[in-house]
Amino acid sequence: MFRIAAAALALFASTVALAAGPQRPADTDLVNLGRYLVKTTGCNDCHTPGYAPSAGATPPEAQWLTGDAMGLQGPWGTTYPSNLRLVMQTLSEAQWLERARQPMRPPMPWFALRDMSDTDLKAIYAFVRAAGPAGQPAPAYAPPGVAVKTPVVRWPSPPPTTASK
Ligand code: HEC
């Protein structure tokens, strides 16, 4: 009887754990909050090659946000997801808050950064800075009509117009 009760209790506990799901780390735990936000707000989808196709299984965190040499091409020209591990090294936290809220070229969802709280932006900064520099800079932006040497993905339809950098 005791064993059945213990088993039922264990099952209940694991169900509760599952139902609760991942928790947002505390606002004071900046590095872990940053990791959580990078995972859940899509930054890795474009800035970390292989992350989206593997549903986040690869590459290891040490290679996250190192940018992509696969061009994203559309009416705006060809853009490359920046190497944020290098970009962040050049910015103070105050400069990051300013940069993060400026328009960027498509298909970067810059408005997602614009609409984030200061705490969330600071958390992303803390996480990326703690990870340190890695990888190579992404290739330079090419305006419309300029040929590029890298592979490209044609973006199916233009996202909303944004100002250029
Ligand atoms: C749909 C693909 C996509 C997603 C998702 C995405 N980015 Fe980007 N990001 C880009 C591209 C492409 C560029 C380069 C834009 C340009 O050339 O102006 C960029 C540029 C940037 C820049 C400018 C860096 C510099 O060179 O100054 C920052 C900062 C940035 N992204 C942060 C993020 C963060 C943080 C997230 C997650 C919230 C994110 N991005 C999600 C595609 C993406």
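Everything here concerns the structure above.
The model shown is predicted, which means the values in this text are computed figures rather than measured ones. (Residues numbered from 1 in each chain as written. Predicted model: local features only at pLDDT ≥ 70, side-chain atom pairs only at ≥ 80, totals over all residues. Heavy atoms only, no water.)

### Overview of the site of the ligand
So, step 1. Around the ligand, 21 residues are found, and the nearest of them are Cys-43, Cys-46, His-47, Arg-99 and Met-108.
So, step 2. Separating a nitrogen atom of the ligand from a side-chain N or O atom of His-47 is a distance of 2.8 Å.
So, step 3. Between the ligand and Ser-82, the relevant distance is 3.1 Å, taken from an oxygen atom to a side-chain nitrogen or oxygen of the residue.
So, step 4. It is helix H3 (residues 43-47) that provides the largest number of residues to the shell around the ligand, a total of three residues.
So, step 5. Residue classes in the shell around the ligand are distributed as 13 nonpolar, five polar and three charged. (Near = heavy atom within 4 Å. Polar contact = N/O pair within 3.5 Å; in protein donor to acceptor, adjacent residues only side chain to side chain. Helix = DSSP H or I, 4+ residues; strand = E, 2+ residues; numbered from the N terminus. Nonpolar A, V, L, I, M, F, W, Y, C, P; charged D, E, K, R; others polar.)

### Some thoughts on the sheet that holds strand E1 (residues 71-74)
So, step 1. The mixed open sheet is built from three strands, whose spatial order is E2-E1-E3. On the outer flanks of this sheet lie strand E2 (77-79) and strand E3 (152-154), each paired with one strand and no other. The sheet shows a mean angle of 30 degrees between the axes of neighbouring strands, direction not considered. (Pairing = 2+ DSSP bridges. Axes fitted to C-alpha atoms, helices over the stretch in contact; angles between N-to-C directions.)

### Remarks on the pairing of E1
So, step 1. Burial along E1 is two-sided: Gly-71 and Gln-73 facing one way and Leu-72 and Gly-74 facing the other are all buried.
So, step 2. Two successive antiparallel strands, E1 and E2, enclose a turn made up of two residues. (Buried < 20%, exposed > 50% of the residue type's maximum accessible area, 1.4 Å probe, protein only.)

### Brief notes about the coordination of the iron atom of the ligand
So, step 1. Within the protein, His-47 (NE2) and Met-108 (SD) serve as the donor atoms for the iron atom of the ligand, at 2.0 to 2.1 Å.
So, step 2. Angles of 88 to 179 degrees at the metal separate the six donor atoms of the iron atom of the ligand, which places the site in the octahedral class. Linking His-47 in helix H3 with Met-108 in the loop between helix H5 (93-100) and helix H6 (110-114), this pair joins segments that are 61 residues apart in sequence. (Donors = N, O, S within 2.8 Å, 3.2 Å for Na, K, Ca; no water. Tetrahedral: all angles 85-135°; square planar, octahedral: opposite > 155°, others 65-115°.)

### Points about the nonpolar core
So, step 1. If you look at the biggest cluster of nonpolar residues, it comprises 23 residues, and the most contacted ones within it are Val-38, Leu-65, Trp-96, Leu-113, Leu-121 and Ile-124.
So, step 2. At the level of elements, helix H2 (30-40), H5, H6 and helix H7 (118-131) are the ones that each hand at least two residues to this core.
So, step 3. Considering every element that reaches this core, the biggest residue donor is H7, with six residues.
So, step 4. Sequence-distant contacts of Trp-96, defined by excluding residues within four places in its chain, comprise Met-88, Leu-91, Leu-113, Leu-121, Ile-124 and Tyr-125. (Core = buried A, V, L, I, M, F, W, Y, C linked by side-chain atoms within 4.5 Å. Contact = heavy atoms within 4.5 Å.)

### Details of unusual backbone geometry
So, step 1. In this structure, the amide linkage connecting Thr-58 to the following residue, Pro-59, adopts the cis form with an omega of -10 degrees.
So, step 2. Position of Pro-59 relative to the elements: it lies in the loop between H3 and E1.
So, step 3. Each neighbour pair has its own omega, and for Pro-106 with Pro-107 the value is -5 degrees, a cis peptide bond.
So, step 4. Secondary-structure assignment places Pro-107 in the loop between H5 and H6.
So, step 5. In the Ramachandran plot, Ala-55 falls in the positive-phi region, its phi being about 55 degrees despite a non-glycine side chain.
So, step 6. Within the fold, Ala-55 resides in the loop between H3 and E1.

### Topic: the packing of aromatic side chains
So, step 1. Within this structure, the stated rule accounts for three aromatic pairs.
So, step 2. When the centroid spacing of 5.6 Å and the interplanar angle of 85 degrees are considered together, the rings of Tyr-51 and Trp-64 count as edge-to-face. Placement of Tyr-51 in the loop between H3 and E1 and of Trp-64 in the loop between H3 and E1 is noted, with a sequence separation of 13 residues between them.
So, step 3. Ring pairing ties together the aromatic residues Tyr-51, Trp-64 and Phe-127, which thus form one cluster.
So, step 4. We note Arg-105 situated over the ring of Tyr-141; from NZ or CZ to the ring centre the distance is 3.5 Å. (Phe/Tyr/Trp six-rings, centres within 6.5 Å; stacked < 30°, edge-to-face > 60°. Lys NZ or Arg CZ within 6 Å of the ring centre and 35° of its normal.)

### Brief notes about the pattern of salt bridges
So, step 1. Under the defined criterion, the tally for this structure stands at five salt bridges.
So, step 2. Note that Asp-118 and Arg-101 form a salt bridge whose closest N and O atoms lie 2.9 Å from each other. Pair noted here: Asp-118 is in helix H7 and Arg-101 is in the loop between H5 and H6, with a separation of 17 residues, a long-range link.
So, step 3. Put simply, Arg-114 and Asp-115 hold a salt bridge, and the shortest N to O gap is 2.8 Å.
So, step 4. Residue class for Asp-115 comes out exposed when judged on its relative accessible area of 55%.
So, step 5. Three or more residues joined by partner-sharing salt bridges are found here, namely Arg-24, Asp-27 and Asp-120. (Salt bridge = Lys/Arg side-chain N within 4 Å of Asp/Glu carboxyl O.)

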